[in-house]
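Per-entry structural report
Below are the chains, spelled out letter by letter.
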Amino acid sequence: MAKTYKYDIPRILVTGGAGFLGSHLCERLVRDGNDVLCVDNFYTGRRTSVGHLLEDPMFELMRHDITFPLYVEADEIYNLACPASPVHYQHDPVQTTKTSVHGAINMLGLAKRIDAKIMQASTSEIYGDPDMHPQVEEYWGNVNAVGPRACYDEGKRCAETLFFDYHRQHKLRIKIARIFNTYGPRMHPNDGRVVSNFIMQALQGEPITVYGEGQQTRSFCYVSDLVDGFIRLMGSADKVTGPINLGNPDERTILDLAETIIRLTGSKSKIIFEDLPVDDPIQRCPDISKAKTALKWQPNVSLKDGLKETVAYFKWYIEHGSTTRDRSRTVSRLVSEIA
Ligand code: NAD
Ligand code: UDP
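Reference entry: report on the structure contained in this document. (Residues numbered from 1 in each chain as written. Chains lettered and ligands numbered in written order. Predicted model: local features only at pLDDT ≥ 70, side-chain atom pairs only at ≥ 80, totals over all residues. Heavy atoms only, no water.)

Below, the discussion takes up the pairing of strand β6 (residues 174-179). For β6, the tally of buried residues reaches six of six residues, placing the bulk of the element in the interior. Of the two faces of β6, the one carrying Ile174, Ile176 and Arg178 and the one carrying Lys175, Ala177 and Ile179 are both buried. Remark: the strand β5 (residues 117-123)/helix α4 (residues 150-170)/β6 crossover connection has right-handed handedness. Judged from the three bridges that link them, β6 and strand β11 (residues 244-246) form a sheet pairing that is parallel. Looking across to β11, one finds that Arg178 is bridged to Asn245. (Buried < 20%, exposed > 50% of the residue type's maximum accessible area, 1.4 Å probe, protein only. Helix = DSSP H or I, 4+ residues; strand = E, 2+ residues; numbered from the N terminus. Right-handed = clockwise from strand over helix to strand, strands pointing away. Pairing = 2+ DSSP bridges.)

The following block contains the structure:
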């Protein structure tokens with residue numbers, strides 16, 4: 001039977017909580033009445049991403065690098081800390097591996113000491129450049145151990161190993177989410193990920209940089225759907241450890257995404273083709289049967305609707321910069337203006 005909470009108001013620790021996914025997760029957890037501790041070293045995250053939560057007594061922000069031990073109390077830990085975009089995680093690859101591996105050891109050690117349930121934000125990169133399509137959780141992957149993506153892929157693979165060893169050896173309650181490409185408001189405008197790049201380029205009338213011939217595929221999940229998957233996974237029975245795929249199986253070519261964003265923004269930008277990065281996976285699409293059965297979860301937001309929200313966010317960002325706190329009214333107006 002699932003354990004109940006130790007504290008009257010559930011205390012939840014979110015590492016990487018000032019990042020893109022983390023800020024949405026913190027927002028949802030605070031809204032649901034939890035006491036949230038957000039821990040971040042601001043490597044890629046920004047204080048402004050959680051600026052709207054800072055006045056809330058149920059929210060606390062702490063600067064800390066999870067490669068060092070942390071001593072706090074919590075019922076549940078969501079371990080999201082790690083740069084996620086290829087540009088950011090390849091910038092300091094040694095730190096990326098340390099964050100995944102030392103960070104996992106520290107957070108698992110914390111979870112063991114305080115008997116907390118812990119969820120790992122793992123990734124579809126576990127599957128590398130997959131030769132099985134769509135990817136099921138049983139597939140072991142096709143990862144280059146020495147390439148430029150390895151600091152992230154192998155770090156995340158090692159973190160999964162550690163989670164399962166703590167589960168087997170110390171009976172820790174673990175959850176592993178294998179997240180597929182997720183997008184939405186508060187993505188970092190310069191992180192080089194495809195959705196943020198294309199939207200920023202389209203809005204600023206710059207060329208849209210499609211790598212390779214744009215025939216590689218990805219499946220894009222809107223952030224609110226993903227956060228809902230996190231909450232369901234954390235709330236599931238103890239026997240549901242994962243790994244479990246969370247993503248949207250609506251698979252698109254990158255060229256198709258570029259054309260869709262040009263249409264939605266009404267941009268005059270032209271598409272240009274640049275070299276495909278080393279080890280760039282050719283196709284990626286989640287099989288989400290497990291999530292459907294075990295969590296009763298599936299994404300609901302269409303690519304068009306999700307992109308409208310995201311375009312509105314980046315329009316606002318270009319107008320106001322990252323420092324303005326209250327953007328809700330401006331963004332609703334901008335969403336309604338997008339076709
Ligand atoms: P992000 O870069 O926006 O957020 C990561 C956060 O972790 C940032 O706030 C950063 O400052 C923080 N961080 C990095 N190293 C840290 C450290 N050593 N100590 C404390 N904080 C640290 O990325 P995101 O898109 O929000 O991704 C969050 C998590 O989800 C990551 O673990 C990522 O690997 C995973 N993930 C994301 C996606 C996606 O499409 N967004 C896909 C697969 C997996
Ligand atoms: N990509 C692209 N143009 C860009 C940024 C990315 O064509 O300006 C491609 C990239 O080569 C990859 C896909 O878009 O095939 C997704 O890239 P992203 O960095 O968003 O995430 P990944 O899934 O590769 O981690």
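Turning our attention to the pattern of salt bridges. Note that side chains of opposite charge can pair when their charged atoms are close. One pass over the full model with this rule turns up 18 salt bridges. One salt bridge connects Asp228 with Arg232, and the closest N-O pair in it is separated by 3.1 Å. You can see Asp228 and its partner Arg232 sitting in helix α6 (residues 223-235), four residues apart, about one turn around the helix. Given the relative accessible area of 21%, Asp228 is considered partly exposed. (Salt bridge = Lys/Arg side-chain N within 4 Å of Asp/Glu carboxyl O.)

Read across the open sheet, the seven strands follow the order β3-β2-β1-β4-β5-β6-β11; overall the sheet is parallel. Strands at the two margins of the open sheet, each flanked by one partner only, are β3 (59-63) and β11. On average, each strand axis in the sheet is inclined to that of its neighbour by 20°, with strand direction left out of account. Across the sheet, helix α1 (residues 20-31) is in contact with β1 (11-15), β2 (35-40), β3, β4 (76-79) and β6; its angle to β1 comes to roughly 170°. (Axes fitted to C-alpha atoms, helices over the stretch in contact; angles between N-to-C directions. Contact = heavy atoms within 4.5 Å.)

Moving on, we come to the pairing of β4. Here β4 shows no split at all, with Glu76 and Tyr78 on one side and Ile77 and Asn79 on the other all buried. Pairing between β1 and β4: four bridges, direction parallel. Of the residues in β4, the one forming a bridge with Val14 is Tyr78. Pairing between β4 and β5: four bridges, direction parallel. Its bridge partner being in β5, Ile77 is matched across the sheet by Ile118.

By themselves these figures say nothing about function.
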